[in-house]
Each structure stands twice: as structure tokens, then as C-alpha cells.
Amino acid sequence: MATLICDCNRTMPLDPQALGRTLDEKLTLHSTLCRREAAAFQQAIRGGEEVVVACTQEKRLFGEIGRQTEGAVSPVRFVNIRETGGWSRDAKAAGPKIAALLAVARLPEPEPVPTVGYDSSAARLLVIGPLDEAERFAALAGEGFQATLLSTGGSSSQERRWPVLAGRVDSLRGWLGAFELAWTQDNPIDLDLCTRCNACIAACPESAIGLDYQIDLQACKSHRACVKVCEAAGAIDFGREPVAHTDRFDLVLDLREPPGFLQHALPQGYFHLPPAKAQGAAALETVLRLRELVGEFDKPRFVAYKQKLCAHSRNGRLGCNACVDVCSAEAITGDKARQQVKVNFHLCVGCGACTTVCPTGALTYAYPKPGDQGARIRTLLSAYEKAGGRAPILLLHSQERGRTLVEELGRAARVGAAEGVPARVIPLALWHAASTGIELWLAAVAQGATHVAVLAAGEEAPQYLEALQLQMQVAQTVLEGLGYAGSHFSLLQSRGPTDLDQDLQLLTRRGGAVPQERARFAAAADKRVTLDLALDHLIEQSPARPDSIVLPPGSPLGAVSVDADKCTLCMSCVGACPAGALLDNPQQPQLSFIEKNCVQCGLCEGTCPEQAISLQPRLLPMPERKHPRVLNEAQPYACVRCGKPFGTGKAIESMLARLAGHSMFQGAALERLKMCADCRVVDLYSASDELKITDV
């Protein structure tokens, strides 16, 4: 691995020797790496090993130099150390942070994952809206599209340049390359037959026909003058039954005020441009984005799903619905019949919020995987500490709007208009701000982060913010209960660089206590394993050891309470538990519980026929949380005929009490309920007073 650092005009107080000691590499500080010193870059990319360039401004220029360099075989990565740390009021103290950013840039790229394909190469464009506006946008899009217009009124030009549909929209669903429109043609005028001669408009005495060539049936008084003048074309028929149609399109431009999709994250390939925004720069930008989406595309399959871990439903009972509720793209639907959730990967936008709220780890983020994300955090913190940094603060932000805000703040600091990113605050770009949760945050604290902040830059759905706040509340309650003083988590909702500057300056005063001994474990692929590793270390190093820590409702940690007076030990809860937290005993009627495994999904509570189970959100900071403990047990009930145990006394007594008044369970029939299955059959066939039907 070769690392190249460039500081144009010496605007950053960099110490290449100190950085090199942290990275175990001899570093040279360049000032014009993309120009006069380009030979150093060319030499590095001929070596075969990966190259890290600490400059993102000239990424495109470096790419051109690489293509023109004979023998260039090295993959190149870029890292921003300027706006993230070198340009700030306390840049002189930012050396450990810069070393940490360089160390993370040297990590291997995440392994490839399966992809999701889109094909919009046919460029079938549907424009929905007033005819005059729809025609304008179809013309702006140009000849490269097969445009079809769906009229919602307005006036049409006389020239028939594009197919025009009209009618009631029944549904619009799909994604880039696979939108499906269902509509009902319910107007007497058939636009395919209409010749735009305008005779019907002139003939109508009520002016019920507009230049969209559709009849306003509420204004029409049934004179039928329009039918007479349209006899040759035959486009008008008041007796025509409504006809349902469906068609497929690659892209959709919706000019209506209420959009066709109401979710926060719109399907790729769908653009909503209401009348108030259908002019000027917004219109031009939309058309350019439409053109960019013509072709064949792939994107990563961002999440992986393990159905056996899913706590969505069991035996027709709904348990955890967190991923369905939080998904802003409506890409996840529940299936109680199959006891699972279903992910539509074409609609998934990769935010990862579903993996954040999933208590079991049935949904995990796949690109990057949890282990890769954990490795980045651990590398950041360890390199920062190795370089002499103290009390690090992680700033997790999206790689689009969040990164833009951080870079805008750095540029403002360069000209003295802001403080900039503090030296202790280490930015880490994520695909989306909602893609990490409690297990990685607590792992970061266990590994030395005094504070973890998530930057919400205005692109997040409201339910994402609620989910993040709940996760932070649970994590903070755990740390406070264990005696770690201070504030450890923040959700920043900065709307601009000025807001972010103020938020980050306040952030430096919010650091919390961390374990004296830093954790060195690696994040696991399994969410619960990572969470347990973090909790184990935090508990082992904790200043306090309470008997239990009460957590907020919605926590993924907790216990179940069983009312022994109500519980009949039917074990339906054991069959419903997806996490193996509730266990039975094949040798005797006994219900046990392993608290570490409980995800508080509520399936046991909803399944229990006696309503004997309730949830207790809490953390038990004792070794006992990992071991089974008996919640309820009873003596077995013995068959009155052979003496073999076949149930519990409470269950049999409950059954007898409920059936005692039934006409079919009187006398000997009621007594048979006290027998095992074998004796019940023998007694039934050997009873002399039973009526039998036999062959003659």
C-alpha cells in the first residue's frame, strides 16, 4: 500500500513523519501532485500495490493521468483530509484524526454482493399531467424517448406528436424499467379515433368539450350534437362501456399536484414535478435526470434476509413489524402466512433503516457488511489513539448530502467564516445515515469513542429519525445504568454548514466516559453477536453493576415475565419464539428462559392462550443472562388408568373445568380426558355401555 499526501499551497499543518509512524510507512508531503509532481503519482500506480491519494478535489484529473500512464496497474483510492480536518480552527491538533482517516482509506474494499438489474433502454416515458404541460416536457425530453401522455385536462396542440391517453388512473406501481399503469377509459370520446377537427367543440351548446377533447359529463345535457358532427370519424359514443387498460413504461414524469406515489423514498425512475416547480432550473434538471436513466443499470442488493431469524410472525400471530413500519420506500411487506417478510430489492434504496431496527439480525446490511463497517470504526479509533489522539468523537453521515455539508463547512473554515470540523470529531461516510444502530454504536464506545453522533442532513424520512432516537435512548440508558457518566449519543439535524458548525462545537462538550481498557473485538456478521460482545465488555469494565437496568419500550433487550397462576405450561410460547429464548424440558413440564436471546418481539405474549406472559424491557448485567433459568414448572399429570405422565396437572384441570358442562363430555367421556392417548382408545373400545356401529 502506497499513500500519497498533497497539500496545495501548504494550507494544512501536516506532519508526514508523525503520520507515517501511525501508518508504518514513510510518507512524503507533496504540494503539486497532480501537476509538477505528477511523476510521483505515475510511479506509484505502476507498482501494482494499491495507492491512496489524500486529495479528492482532483480525483478526475488523477484518473486522466492514470489512463495516460503506460504500465499503470494499481487501483487508486481517494480520501479527503482537507475539509474534514486540515481546514479548521484547530487544524494543528488534527494530526491523529488525519492519520485515522488515512488508515481507514487503506482498508480492503468490501466484497462484491449480488446486484439488482434495471433495463430502461427502450426509453418508454409516461408523462402525466395537463396536456399542454405534458407536451412541453415531451418536447424537452427529445426524440430519444418514446413518450406517451396521460391527460388530466388542459389543452392540446393540433399536431398529434405523441400518443395521448385519457381516463381514470386506477393504479401506478413499479420501478425503473418496469412501471405498470392501470387506467379506465370512461369518456365518450376515444382519443385514438379523434382527428382534432374541433367540430364537436363548436357544436356543443353547453361548452362541455374542451381542447383536451374529453366531455365534461356533468355539464353535458345530452343534446348529442357532438355525435352528429363526428359521424365520419366515429370517435364519440355515449353508449360505450368503460374499458380497463394496462401498459408498461420505463420512466414516469408526474406533473400532478398529488403524486402517484406517497412514500418518502420514490421508486427509481419516477419523478414528481408539481405545477409550482415545473419551470426553470427544476424542469431542466428533471429532464437531464430522465436522460441519465435510459439504459441498463445495476445496483447492489443492499440487505440480506435470513428467514429463520425473523420475528415477524408465528402461527398466524404478528410479532415484530419494525422493518415494515420503518421502510420509507415501501419495499418491505409482511407475509403472516409464510411467517416472514418480503423485500422488493428493486424498490429498496439502500438506506439500511430496516437493518437498524431489526432486533434479531434477520435483516443485515450487505454492502458494506456489518463486519466491514465495524472494521472501519475500529480502525479509525485505534489509529487515532495510536497517533496520540484523545477522547475521539465519531460523526456518522451519509455519503451524499452529509458529505456535502461536511465539505462545505471545511471550505467555510478555510476563509474564516466558520470554526470547521473539530480535531476530535472524526467524520465517517455511510451509504445512508440510518444504516448503523445500537450494536455498532455500543461497540464504538467499548472501543474508545466518547461520543457517537449521527448527522441527519434533511434527506431522511421522519420514521428514520424516530428509529434512530429510540436506539440512542436505549443505548444511553444502558451506559448510564452501567455507570458510564456523560452523554454518548446525538442525532444532529443540521440544515446547512452554519448549523453543522454550531452543532459540532457543542458536540465537543458532550463526551461521555468509556471503559478504561479498550475493546479489541471485531464486529461479527450476526447483529446479536456484536451486541453481546459490546455489552460483555462494557459490563466487565463498568463502574457500576446494578441488579438490572430498566430500558425504554421498544428495546431489543429484555426479559419475559410469566404468571405462574395462569400458565398451564402448554409450551405454545416455546414454539412461537424465533430466537430460542424460551425452552421446554423433554423430561418434565418446565419452561426456561435465556435472557440474552430475547429480542422483545412479543410473539410469546401474543401466542399465550392464557395471557400469562408480559414483556420486560431491561438489561440484566449479570452472567445469569446467558444461562437458562426456570420461569415455571409443575408436576406431571399421570394417566388414571396406566399411571403414565402425559400432561401437567394445571392443564388437565383447566381442560376438565372448561368441558365439564358440555353434553359430549359427561360420565365416562369426561373420565377419559384423564387418560393418556393410548388408554383413551382402549377404554373407548372396551366399554360395554358404548353404542357401536358394525357391518352386518
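Before reading on, note that the structure itself is shown above.
Attention in this report is confined to the structure presented alongside it.

This part covers the overall build of the chain. Of regular secondary structure, the chain possesses 22 helices and 32 strands. Taking 26 Å as the expected radius of gyration for a compact globule of 696 residues, we find that the chain reaches 34 Å, considerably beyond that expectation. Taken over the C-alpha atoms alone, the chain extends approximately 95 × 90 × 45 Å along its principal axes. Within the chain, the proportion of its 696 residues that are buried is 50%. Partitioning the intrachain contacts of the chain with sequence separation of at least 6 by distance along the chain shows that 70% fall at a separation of at least 24. Summed over its atoms, the accessible surface of the chain is roughly 32400 Å², and 50% of this surface lies on carbon and sulfur atoms. Taking the 72 positively charged and 77 negatively charged side chains of the chain as two groups, their mean positions are separated by 5 Å.

What follows covers empty space enclosed by the protein. Under the definition given, this model contains 8 cavities of 30 Å³ or more. Taken as a whole, the largest cavity holds about 150 Å³ of empty space. Around the largest cavity, the lining comprises 17 residues; the ones closest to its centre are Tyr365, Pro370, Ser435, Glu439 and Leu440. Of all the secondary-structure elements, those providing two or more residues to the lining of the largest cavity are helix 11 (353-357), strand 20 (363-365), helix 12 (370-386) and helix 14 (438-446). Among the elements that take part in the lining of the largest cavity, strand 20 stands out by supplying 3 residues, more than any other. A breakdown of the residues in the lining of the largest cavity according to their chemical character gives 7 nonpolar, 7 polar and 3 charged.

For the rest of this paragraph, the subject is unusual backbone geometry. Here the residue pair Tyr367 and Pro368 is connected by a cis peptide bond, since its omega of 0 degrees sits within 30 degrees of zero. If you trace the backbone, Pro368 turns up in the loop between strand 20 and helix 12. Backbone geometry places Ser207, a non-glycine residue, at a positive phi of 55 degrees. By secondary structure assignment, the location of Ser207 is in the loop between helix 7 (199-203) and helix 8 (225-229). With phi around 50 degrees, Gln611 is a residue other than glycine that occupies positive phi space. For Gln611, the location among the structural elements is in the loop between helix 19 (603-607) and strand 29 (613-619).

Note that His312 resides in the loop between strand 15 (303-305) and strand 16 (313-314). For His312, a relative accessible area of 2% gives the class buried. In terms of polar contacts, His312 uses its side chain to reach the backbone carbonyl oxygen of Cys320, at 3.2 Å. Side-chain polar atoms of His312 contact the side chain of Asn321, separated by 3.4 Å.

Let us now look at a nonpolar patch on the surface. A cluster of nonpolar side chains, namely Val681, Leu684 and Tyr685, defines an oily patch on the protein surface of about 330 Å² accessible area. Mapped onto the elements, Leu684 comes out in helix 22 (residues 677-686). Take Leu684: its relative accessible area is 39%, and that puts it in the partly exposed class.

Next up on the list: the side chain of Arg625. Position of Arg625 among the secondary structure elements: in the loop between strand 29 and strand 30 (629-633). Excluding residues within four positions of it along the chain, Arg625 makes contact with Asp532, Leu535, Asp536, Ile594, Glu595, Lys596, Leu619 and Leu620.

To continue, consider the sheet that holds strand 26 (residues 558-562). Strands sit in the order 25-29-26 across an open sheet of 3 strands; the sheet is antiparallel. Of all the strands in the sheet, just strand 25 (549-550) and strand 26 have a single pairing partner and so form its edges. Strand direction decides the pairing type here: strand 25 and strand 29, joined by 2 bridges, are antiparallel. Bridge assignment links Val550 to a residue of strand 29, and that residue is Arg618.

This paragraph deals with the pattern of salt bridges. Applying the stated criterion across every chain yields a total of 28 salt bridges. Ionic pairing is found between Arg411 and Glu83, a salt bridge with its closest N-O pair at 3.7 Å. With a gap of 328 residues between them, Arg411 in helix 13 (residues 401-414) and Glu83 in helix 4 (residues 82-86) connect regions that are remote in the sequence. A residue is classified by how much of its surface remains accessible, and Glu83, at 4% relative accessible area, is buried. Between Arg338 and Asp335 there is a salt bridge, with its nearest N and O atoms 3.9 Å apart. Relative accessible area serves as the criterion here: at 25%, Asp335 is assigned to the partly exposed category.

So, about the sheet that holds strand 27 (residues 582-584). Strands sit in the order 27-28-30 across an open sheet of 3 strands; the sheet is antiparallel. Among the strands making up the open sheet, the edge pair consists of strand 27 and strand 30. Strand-to-strand twist across the sheet, computed as the mean angle between neighbouring axes with direction ignored, equals 30 degrees. Of the strand pairs in this sheet, strand 27 and strand 28 (residues 590-593) are connected by 3 bridges, and their pairing is antiparallel. Bridging across to strand 28, Asp584 finds its partner in Leu591.

If you look at the biggest cluster of nonpolar residues, it comprises 68 residues, and the most contacted ones within it are Ile81, Leu102, Leu442 and Phe489. Residues contacting Leu102, with those up to four places away along its chain left out, are Thr3, Ile5, Leu19, Leu23, Ala54, Val79 and Ile81. Residues Ala141, Leu149, Cys226 and Ala235 belong to the second largest nonpolar core, which totals 59 residues.

About the thresholds
Residues numbered from 1 in each chain as written. Predicted model: local features only at pLDDT ≥ 70, side-chain atom pairs only at ≥ 80, totals over all residues. Heavy atoms only, no water. Helix = DSSP H or I, 4+ residues; strand = E, 2+ residues; numbered from the N terminus. Rg over C-alpha atoms; globule rule 2.2 N^0.38 Å. Buried < 20%, exposed > 50% of the residue type's maximum accessible area, 1.4 Å probe, protein only. Contact = heavy atoms within 4.5 Å. Areas by Shrake-Rupley, 256 points an atom, 1.4 Å probe, with all protein chains shown as cover. Lys, Arg positive; Asp, Glu negative; His and termini not counted. Charge placed at Lys NZ, Arg CZ, Asp CG, Glu CD. 1 Å grid on protein atoms, 1.4 Å probe; cavity = no way out; pocket = protein on both sides within 12 Å on 5 of 7 lines; lining within 4 Å. Points joined across faces, edges and corners; volume = space filled by probe spheres on them. Nonpolar A, V, L, I, M, F, W, Y, C, P; charged D, E, K, R; others polar. Polar contact = N/O pair within 3.5 Å; in protein donor to acceptor, adjacent residues only side chain to side chain. Patch = residues over 30% accessible without salt bridge, like charges linked within 9 Å, V, L, I, M, F, W, Y side chains within 5 Å. Salt bridge = Lys/Arg side-chain N within 4 Å of Asp/Glu carboxyl O. Pairing = 2+ DSSP bridges. Axes fitted to C-alpha atoms, helices over the stretch in contact; angles between N-to-C directions. Core = buried A, V, L, I, M, F, W, Y, C linked by side-chain atoms within 4.5 Å.

Note that all results are geometric; they support no functional claim without further evidence.
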